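Okay, here's what each chain looks like letter by letter:
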Amino acid sequence: MPSSTTTETPAGTDDASLSHGLKQRHLSMIALGGVIGAGLFVGSGAGIAAAGPSIVVAYALSGALVMLVMRMLGEMSAAYPSSGSFSAHAERAIGPWAGFTAGWSFWVLLCTAVGLEGIGAAKIVSGWLPGTPEWAWVALFMVVFCGTNLAAVKNFGEFEFWFAALKVGAITLFLVLGVLAIAGVLPGTDSPGASHLTDFLPNGGEGLVIGLLASVFAYGGLETVTIAAAESENPVQGVASAVRTAMWRIALFYIGSMAVIVTLVPWDSEEVVEKGPYVAALDQLGIPGAGQLMNVVVLVALLSAMNANIYGASRIAYSLVARGQGPKGLGRVSGGVPRIAVLASSVFGFGCVLLSYWRPNDVFAWLLNMIGAVILVVWIFIAVSQLRLRRRLEREAPERLAVRMWAFPVLTWVALAGMVTVFVLMARQPDTRVQLYSTGGMTLALAAVGYAWQKARARQ
């Protein structure tokens, strides 16, 4: 739709009622730790089993795509700070229906993820305390993080600061130990050299494709920093700093750790899938209690993701309502916090948990398939929005371009081509094909509702 149909507001006015309690140290650590998601620890084993050592290439390719997405999103978020992030940018660039579709699909994704992360965290704790019901642990985690998000945004910031510090410390220690072992200078270990890397593509191109698809979805959570920046002391500086350091963070934490793992551990070791790649690597080094140590790290990553996703979902919902795209009740703010949106997001997440027990094979499975490719849909909205907004900014407000997309518009088109390629690869794989079609159905339904709402509002 033409941009003239968009209800444009000055940057950040949809956040006027929110507090700005996040300090630069919060934002810096959220940016640093947000890249270390639970997917890195939990989901990478299956990718290694399929791709073998070529998983490093898979993570490098998907990481390059994510870097481009973050750069595009950073350019727009620095120019127009908003808790609605890419949803607000899509509305400004394409039209209200686009903001509606991107925003509500991402809200469903985040709320469902809250439930999934709660289930994962509960399984770990109930493993330590046999006989305790998993649902009770999920409920406890929900109450804790819902409560912290209800109180004040600085509480979210403090939790994420320390969660991120623990995650960064753990993965940095892992990388240091791994590099020392590979170099042959770690006491009590022999360097494996390149012995585990000889069969680089054990399952051919098909294995690399499976690894690539697994790696793409491990990068979820990077968007939170652009949402949080709108409630920081200096949104533009915060976004600019986070985006400019994204490249080395992705290279170090994701690609670096995959390289260490496949060098230390045979890719076809059963432990890589059964125990997880990080535990398998630590076991290989003879680190005592490696399994429990990594369980603690994974638990922290899951709880951090829960906290961040409740926050992100509530702010996306608040921004949508502030722009007239949702139930007004969700937009009520008290104490600088959209408390009804926080509650609604938490309740939806816990509802997903209950569905996993009550209807695991139909409703819950359908919900998981429906959110399977949402992140790719969001990325496409980001790329198209950046294509349109960059030219408008250069004409009307070039001083807002504190962050610039590299080699515009060439790399924006390269990123779009990469996203389309991932869609095609998903359509070729039976497991991901169902997710692709389910996400497509939800996206089309939301787009239809958003377009009908836009037309109705235009007639008023």
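Owing to the predicted nature of the structure, the values given are computational and were not obtained by experimental measurement.

Asker: So what about the overall build of the chain? Which residues, and what values?
Answerer: Scanning the chain from N- to C-terminus turns up 20 helices and zero strands. Against the compact-globule benchmark of 23 Å for 460 residues, the chain has a radius of gyration of 22 Å, which places it among compact chains. For the chain, the spread of C-alpha atoms along the three principal axes comes to 70 × 50 × 45 Å. Looking at the 460 residues of the chain, the share that counts as buried comes to 56%.

Asker: Kindly report on the nonpolar core, identifying the contributing residues and their values.
Answerer: In terms of nonpolar packing, the biggest core is built from 149 residues, with Ile55, Phe106, Met258, Tyr278, Trp379, Ile382 and Met419 touching the most fellow members. Top contributing element to this core by residue count: helix 15 (residues 290–322), with 18 residues.

Asker: Account for the packing of helix 6 (residues 96–128) against helix 20 (residues 430–459), with residues named and values stated.
Answerer: Here helix 6 crosses helix 20 at 140 degrees, and the two axes come no closer than 8 Å. By the angle between their directions, the pair helix 6 and helix 20 is classed as oblique. Classified by chirality, the crossing of helix 20 by helix 6 is right-handed. On the side of helix 6, the interface is formed by Pro96, Trp97, Phe100, Thr101, Trp104, Ser105 and Val108, while helix 20 contributes Met442, Thr443, Leu446, Ala447, Val449, Gly450, Tyr451, Trp453 and Gln454. Here the residues of the contact of helix 6 with helix 20 sort into 11 nonpolar, five polar and no charged.

Asker: Before we move on, could you go through the packing of aromatic side chains and cite the residues and values that matter?
Answerer: Here the distance between the centres and the angle between the planes together describe a pair of aromatic rings. Using the criterion set out here, one finds 13 aromatic pairs in the structure. Between Phe174 and Tyr278, the aromatic rings sit 4.8 Å apart at their centres with planes inclined by 55 degrees, giving tilted as the arrangement. Highlighted residues: Phe174 in helix 8 (residues 153–183) and Tyr278 in helix 14 (residues 277–284), separated in sequence by 104 residues. In this pair, the class of Phe174 matches that of Tyr278, namely buried. A ring pair is formed by Trp248 and Phe253, whose centres lie 6.4 Å apart and whose planes are at 55 degrees; its orientation type is tilted. The class of Trp248 is partly exposed, set by a relative accessible area of 43%. Ring-pair connections join several aromatic residues into one group, and the members of that group are Trp104, Trp107 and Phe348. Between Arg25 and the ring centre of Phe161, over which it is positioned, the NZ or CZ distance is 4.8 Å. Directly above the ring of Tyr80 sits Arg92, whose terminal nitrogen or CZ lies 3.9 Å from the centroid.

Asker: Report on the pattern of salt bridges, specifying residues and quantitative values.
Answerer: Once the charged atoms of two side chains with opposite charge are near each other, the side chains can pair. One pass over the full model with this rule turns up nine salt bridges. With its nearest N and O atoms 2.5 Å apart, the salt bridge here joins Glu91 to Arg323. Here Arg323 lies in the loop between helix 15 and helix 16 (339–358) and Glu91 lies in helix 5 (residues 85–93), a separation of 232 residues in the sequence. One salt-bridge network, in which partners are shared between bridges, spans Glu75, Arg390 and Glu394.

Asker: Summarise helix 17 (residues 363–370); cite the residues concerned and give the values.
Answerer: Within helix 17, the full set of buried residues consists of Phe364, Leu367 and Met370. Projection of helix 17 onto a plane perpendicular to its axis shows the buried side chains occupying an angular sector of 120 degrees, all on one side. Turning to helix 17, the residues buried within the fold contact helix 6, helix 16, helix 18 (374–396) and helix 20.

Asker: So what about the state of the cysteines? Which residues, and what values?
Answerer: What the rule picks out here adds up to zero disulfides. A disulfide-free cysteine, Cys111 has its sulfur positioned 7.3 Å from the sulfur of Cys352, the nearest such atom. Assessed through its relative accessible area of 0%, Cys111 is described here as buried.

Asker: Can you lay out the environment of Ala230 for me, pointing to particular residues and giving the numbers?
Answerer: The topology assignment puts Ala230 in the loop between helix 10 (224–228) and helix 11 (235–244). Judged by its relative accessible area of 3%, Ala230 is buried. Sequence spacing of Ala230 and Arg315 is 85 residues, and the spatial spacing of their C-alpha atoms is 9.8 Å.

Asker: Please set out the packing of helix 5 against helix 6 residue by residue, giving values where relevant.
Answerer: Any two packed helices are characterised by how steeply their axes cross, that is the angle between the axes, and by the distance between the axes. Close contact between helix 5 and helix 6 brings their axes to 6 Å; oriented N to C, the two are set at 165 degrees. Taken as axis vectors, helix 5 and helix 6 run roughly antiparallel relative to one another. For the element pair helix 5 and helix 6, the recorded crossing hand is right-handed. Contacts between helix 5 and helix 6 involve Phe86, Ser87, Ala90 and Glu91 from the first element and Pro96, Ala98, Gly99, Ala102, Gly103 and Phe106 from the second. Tallied by class, residues from the contact of helix 5 with helix 6 come to six nonpolar, three polar and one charged.

Asker: Tell me about helix 19 (residues 410–428), and name the residues and values.
Answerer: Between its first and last C-alpha, helix 19 extends 27 Å over 19 residues, near the 27 Å set by a 1.5 Å rise per residue. Residues Thr412, Ala415, Leu416, Met419, Val422, Phe423, Leu425 and Met426 constitute the buried set of helix 19. Those residues of helix 19 hidden inside the fold are in contact with helix 4 (55–79), helix 9 (204–216), helix 18 and helix 20.

Asker: Can you tell me about the confidence of the model for the chain, naming the residues and giving the values?
Answerer: Of the residues in the chain, 95% reach a pLDDT of 70 or more, and the chain-wide mean stands at 87. For the chain, the element scoring lowest by mean pLDDT is helix 2 (residues 38–42), at 73; helix 18 scores highest, at 95. Predicted confidence for residues 1–13 stays below pLDDT 50, and this span has 27 contacts to residues more than four positions away or in other chains.

Asker: Let's hear about unusual backbone geometry: which residues, and what values?
Answerer: One can expect most non-glycine residues to show negative phi and most peptide bonds to be in trans. Going from Phe408 to Pro409, the amide bond is cis rather than trans, its omega being 0 degrees. Tracing the chain through its elements places Pro409 in the loop between helix 18 and helix 19. The backbone of Ser85 sits at a positive phi, close to 45 degrees, despite the residue not being glycine. Mapped onto the fold, Ser85 is located in helix 5. In the Ramachandran plot, Ala407 falls in the positive-phi region, its phi being about 45 degrees despite a non-glycine side chain.

What counts and how
- Residues numbered from 1 in each chain as written.
- Predicted model: local features only at pLDDT ≥ 70, side-chain atom pairs only at ≥ 80, totals over all residues.
- Heavy atoms only, no water.
- Helix = DSSP H or I, 4+ residues; strand = E, 2+ residues; numbered from the N terminus.
- Rg over C-alpha atoms; globule rule 2.2 N^0.38 Å.
- Buried < 20%, exposed > 50% of the residue type's maximum accessible area, 1.4 Å probe, protein only.
- Core = buried A, V, L, I, M, F, W, Y, C linked by side-chain atoms within 4.5 Å.
- Axes fitted to C-alpha atoms, helices over the stretch in contact; angles between N-to-C directions.
- Parallel < 35°, antiparallel > 145°, perpendicular 65-115°, else oblique.
- Left-handed = near helix turned anticlockwise from the far one by under 90°.
- Contact = heavy atoms within 4.5 Å.
- Nonpolar A, V, L, I, M, F, W, Y, C, P; charged D, E, K, R; others polar.
- Phe/Tyr/Trp six-rings, centres within 6.5 Å; stacked < 30°, edge-to-face > 60°.
- Lys NZ or Arg CZ within 6 Å of the ring centre and 35° of its normal.
- Salt bridge = Lys/Arg side-chain N within 4 Å of Asp/Glu carboxyl O.
- Arc of directions from axis to C-beta.
- Disulfide = S-S within 2.5 Å.
- Expected span 1.5 Å × (residues − 1).
- pLDDT = per-residue confidence, 0-100.

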